[in-house]
Amino acid sequence: MQMKSVLLTVGIGAVAGAATMLLIPRHSEAYRLADDAAHSLKEGAERVIDTVRSH
């Protein structure tokens, strides 16, 4: 049950973040910083998943 709560929270956060990003102009510094952070998080999550799968 706890894992469902974590996944639900992450999912809601992702949707809220995506909705917020739609309101920010693409050429702004804030958009670039948020996009860089999102790519870093994605790469980190992929590394964690790869590590878990290899064990």
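Scroll up for the structure.
Cut-offs used in this document
Every chain's residues receive numbers from 1 upward, in the order its sequence appears when written. Two thresholds apply to this predicted model, a pLDDT of at least 70 for residue-level local features and 80 or more for giving and counting side-chain atom pairs, whereas whole-chain, interface and lining totals are computed over all residues. Note: side-chain values were computed over all heavy atoms of the structure, leaving out hydrogens and water. Elements are defined by DSSP. Helices are runs of H or I of four residues or more, strands are runs of E of two residues or more, and each kind is numbered from the N terminus. Every radius of gyration here is taken over C-alpha atoms, with the globule rule written as 2.2 Å times N^0.38, N being the number of residues. For every residue, the accessible area (1.4 Å probe, protein chains only) is compared with the maximum for its type, and the residue is labelled buried under 20%, exposed over 50%, or partly exposed between those bounds. For the accessible areas, the method is Shrake-Rupley and the probe is 1.4 Å, while residue cover comes only from the protein chains on display. Salt bridges are identified by distance alone: a Lys or Arg side-chain nitrogen within 4 Å of an Asp or Glu carboxyl oxygen. Helix span is expected to be 1.5 Å times the residue number reduced by one.

Draft legend 1. Layout of the overall build of the chain. Along the backbone of the chain there are 2 helices and 0 strands. The C-alpha radius of gyration computed for the chain amounts to 14 Å, which surpasses the reference 10 Å derived for 55 residues by more than 25%, pointing to a less compact arrangement than a globule. Each principal axis of the C-alpha atoms in the chain carries an extent, and together these give about 40 × 25 × 10 Å. For the chain, with 55 residues in total, the buried portion stands at 2%. A total accessible area of about 5000 Å² is found for the chain, and carbon and sulfur atoms account for 67% of it.

Draft legend 2. View of the pattern of salt bridges. Throughout the structure, instances matching the rule amount to 2 salt bridges. For the salt bridge of aspartate 36 with arginine 32, the shortest nitrogen-to-oxygen distance reads 3.2 Å. A residue pair is termed a helical-turn pair when its members lie 3 or 4 positions apart in one helix, as aspartate 36 and arginine 32 do in helix α2 (residues 29-54) at 4 residues. Take aspartate 36: its relative accessible area is 37%, and that puts it in the partly exposed class.

Draft legend 3. Up close: helix α1 (residues 2-23). Taking 1.5 Å of rise per residue, 22 residues should cover 32 Å, and α1 covers 32 Å from first to last C-alpha, within 8% of that figure. Along α1, only 0 of the 22 residues are buried, which leaves the element largely exposed.

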